[in-house]
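# Examination of the molecular architecture
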Amino acid sequence: MAGVDPGPAIPVWLVEDDLGCIICQGLLATPATLPCGHSFCRDCLKGLWAAGSASRPRSCPTCRESAPAPLQLRKNTLLQELVDKYSRALRESSSGGVDLSLASSKPVTSNTPERKTRDILHDLEEIQKKLRENFTWKEAFEEQPQAEVQEAPYSSSCPLPDQSHPAPKSASRFAQWAISPTFDLRSHSCSLEVSKDGRAVTVSRHPQTHLGGHERFVTCQALCSQAFSSGQQYWEVDTQHCSHWAVGVASWGMKRTQILGRTQDSYCVEWKGTSQLSAWHMVKETVLGSDRPKVVGIWLDLQEGNLAFYSVADQETLLYECPVSASSPLHPAFWLYGLNPGNSLTIRPIRV
């Protein structure tokens, strides 16, 4: 009996990012499109805005363009249809043996019956067609005269990507302000160890009782040597190897018996290890969600008096921002909770 004809290779140009939400990192669910043209899960966008500062206008998480108020977030039915068809095609291909490797633009080969293969390909072609129509509409919208489309001022001092010459995904848009701070050997608690290069701190399996001094924290906290009272700085912290942590900034004068974020002179984002990410600002906690960032980027802009935290993956996604005062110089600050020996935080090189 002759084998089943594998049929022609199926070229797939669509990638999951085209239909993804940068807030939850998943496929769009009940998508809402902002006036700037960027789309997000409606609930994700509402949650992000609800967690932000009430004094700052709502803005797009991608381009930072301010959203008009009041703004009704309506479901984008076109995008929802595309997501549904994409999901259906993916399920059918998975159950039928078709490798649609959506992260790749290489052709793939189908081993399913010819009719099923045609149906899947037809759905994907429809998705591509509607995406092209959507992009054409967006370009026409952006080309309207300024009298019809007003540009809203940006709500943040955070730098924006150069839209005319976008950087590759592997590069950080903060690269020109990147620093690589090192841990101060005077401040870390006796329960912590600092690596030889000064860029990693680990919960010790055997507390170092020989260490002493009034500048050491009582709990598993540490500061970096570098202090900032002006300018703009950015650094990133790898949090993957720590189950409970907080990262942020604090003044050197923070009392060594106090906890990061619970003082007037310290600020942080904190992962509780119980599926809760929070921000602490002016001794007030703001719950940000249940997604754990593997790398946290900290943007300290003392020219504008702004502090922002980002989840860093292929790009920086804003987690939280707040005003900050530099009445005293601020140091990068860390808390490892001290619950699990071997847990560590690492200041990692910035992508350039």
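What counts, and where the lines are drawn
- Residues numbered from 1 in each chain as written.
- Predicted model: local features only at pLDDT ≥ 70, side-chain atom pairs only at ≥ 80, totals over all residues.
- Heavy atoms only, no water.
- Pairing = 2+ DSSP bridges.
- Helix = DSSP H or I, 4+ residues; strand = E, 2+ residues; numbered from the N terminus.
- Axes fitted to C-alpha atoms, helices over the stretch in contact; angles between N-to-C directions.
- Buried < 20%, exposed > 50% of the residue type's maximum accessible area, 1.4 Å probe, protein only.
- Arc of directions from axis to C-beta.
- Contact = heavy atoms within 4.5 Å.
- Phe/Tyr/Trp six-rings, centres within 6.5 Å; stacked < 30°, edge-to-face > 60°.
- Lys NZ or Arg CZ within 6 Å of the ring centre and 35° of its normal.
- Polar contact = N/O pair within 3.5 Å; in protein donor to acceptor, adjacent residues only side chain to side chain.
- Salt bridge = Lys/Arg side-chain N within 4 Å of Asp/Glu carboxyl O.
- Core = buried A, V, L, I, M, F, W, Y, C linked by side-chain atoms within 4.5 Å.
- Disulfide = S-S within 2.5 Å.

We now examine the sheet that holds strand S7 (residues 221-223). Read across the open sheet, the six strands follow the order S7-S16-S9-S10-S11-S12; overall the sheet is antiparallel. If you trace the sheet from one side to the other, it starts and ends with S7 and strand S12 (284-289), each paired once. Put simply, the sheet's adjacent strands are angled 20 degrees from each other on average, direction ignored. For strand S9 (residues 245-251) and strand S10 (residues 266-271), the ladder comprises six bridges, and the chain directions are antiparallel. Paired with Val249 across the strands is Tyr267, a residue of S10.

Attention shifts here to the pairing of S12. As defined by bridge partners, strand S11 (residues 277-281) adjoins S12 across five bridges and the pair is classed as antiparallel. The residue bridging His281 from the neighbouring strand is Lys284, located in S12. Here S11 hands over to S12 after two residues, with Met282 in that stretch at a positive phi of 55 degrees.

Bringing helix H1 (residues 42-51) into the picture now. Among the residues making up H1, those that are buried are Cys44, Leu45, Trp49 and Ala51. The buried residues of H1 all sit within an arc of 165 degrees when viewed along its axis, so they share a single face. Exposed positions of H1 whose direction lies more than 90 degrees from the buried face are Asp43 and Ala50. Summarising the contacts, the buried residues of H1 are in contact with strand S3 (39-41), S12 and strand S15 (316-323).

Turning to the packing of aromatic side chains, a few remarks are in order. Applying the stated criterion across every chain yields a total of seven aromatic pairs. Taken together, the ring pairs in this structure connect Phe174, Trp177, Tyr234, Trp299 and Tyr310 into an aromatic cluster. Its guanidinium or amino end placed over the ring of Phe217, Arg256 lies 4.6 Å from that ring's centre, counting from NZ or CZ. The ring of Trp280 has Arg262 sitting right over it, with the charged end atom 3.9 Å from the ring centre.

Along the polypeptide, Asp184 turns up in the loop between helix H3 (114-142) and strand S5 (192-194). By relative accessible area, Asp184 is classed as buried at 4%. The spatial distance from the C-alpha of Asp184 to the C-alpha of His331 is 9.8 Å, given a sequence separation of 147 residues. Of the polar contacts made by the side chain of Asp184, one reaches the backbone nitrogen of Arg186; its length is 2.7 Å.

The next thing to look at is the pattern of salt bridges. Tallied over the full model, the rule gives six salt bridges. The salt bridge partner of Arg173 is Glu316, with a shortest N-O separation of 3.5 Å. With a gap of 143 residues between them, Arg173 in the loop between H3 and S5 and Glu316 in strand S15 connect regions that are remote in the sequence. On the basis of relative accessibility, which here comes to 18%, the residue Arg173 falls in the buried class. What makes Glu316 buried here is its relative accessible area of 8%.

Take the nonpolar core next. Counting residues in each nonpolar core, the largest one holds 36 residues, and the members touching the most others are Trp245, Val247, Leu307 and Leu345. Leave out the neighbours within four places in its chain, and Leu307 touches Val249, Tyr267, Ile298, Trp299, Leu300, Tyr320, Glu321, Cys322 and Val324. Formed by 21 residues, the second largest nonpolar core is a distinct cluster that contains Ala32, Cys36, Leu45 and Cys63.

A few words now on the side chain of Ser39. The residue Ser39 is located in strand S3 in this model. One polar contact links Ser39 to Thr33, side chain to side chain, over a distance of 2.7 Å. What Ser39 contacts, discounting residues up to four positions off in sequence, is Gly20, Leu28, Ala32, Thr33 and Leu79.

So, on to unusual backbone geometry. For Thr30, which is not glycine, the phi dihedral falls at a positive 50 degrees. Tracing the backbone shows Thr30 in the loop between strand S1 (9-10) and strand S2 (31-33). Since its relative accessible area comes to 29%, Thr30 is described here as partly exposed.

Right, let's talk about the state of the cysteines for a bit. A full pass over the atoms with the stated rule returns zero disulfides. For the unlinked cysteine Cys36, the closest cysteine sulfur is that of Cys60, found at 3.6 Å. Cys190 takes part in no disulfide bond, and the closest cysteine sulfur to it belongs to Cys220, at a distance of 9.8 Å. Using a relative accessible area of 24% as the deciding quantity, one classes Cys190 as partly exposed.

It is worth spelling out the sheet that holds strand S17 (residues 344-348) at this point. Pairing is antiparallel across the open sheet formed by seven strands, whose spatial order is S5-S6-S17-S8-S13-S14-S15. Among the strands making up the open sheet, the edge pair consists of S5 and S15. Strand-to-strand twist in this sheet, taken as the mean axis angle between neighbours without regard to direction, amounts to 20 degrees.

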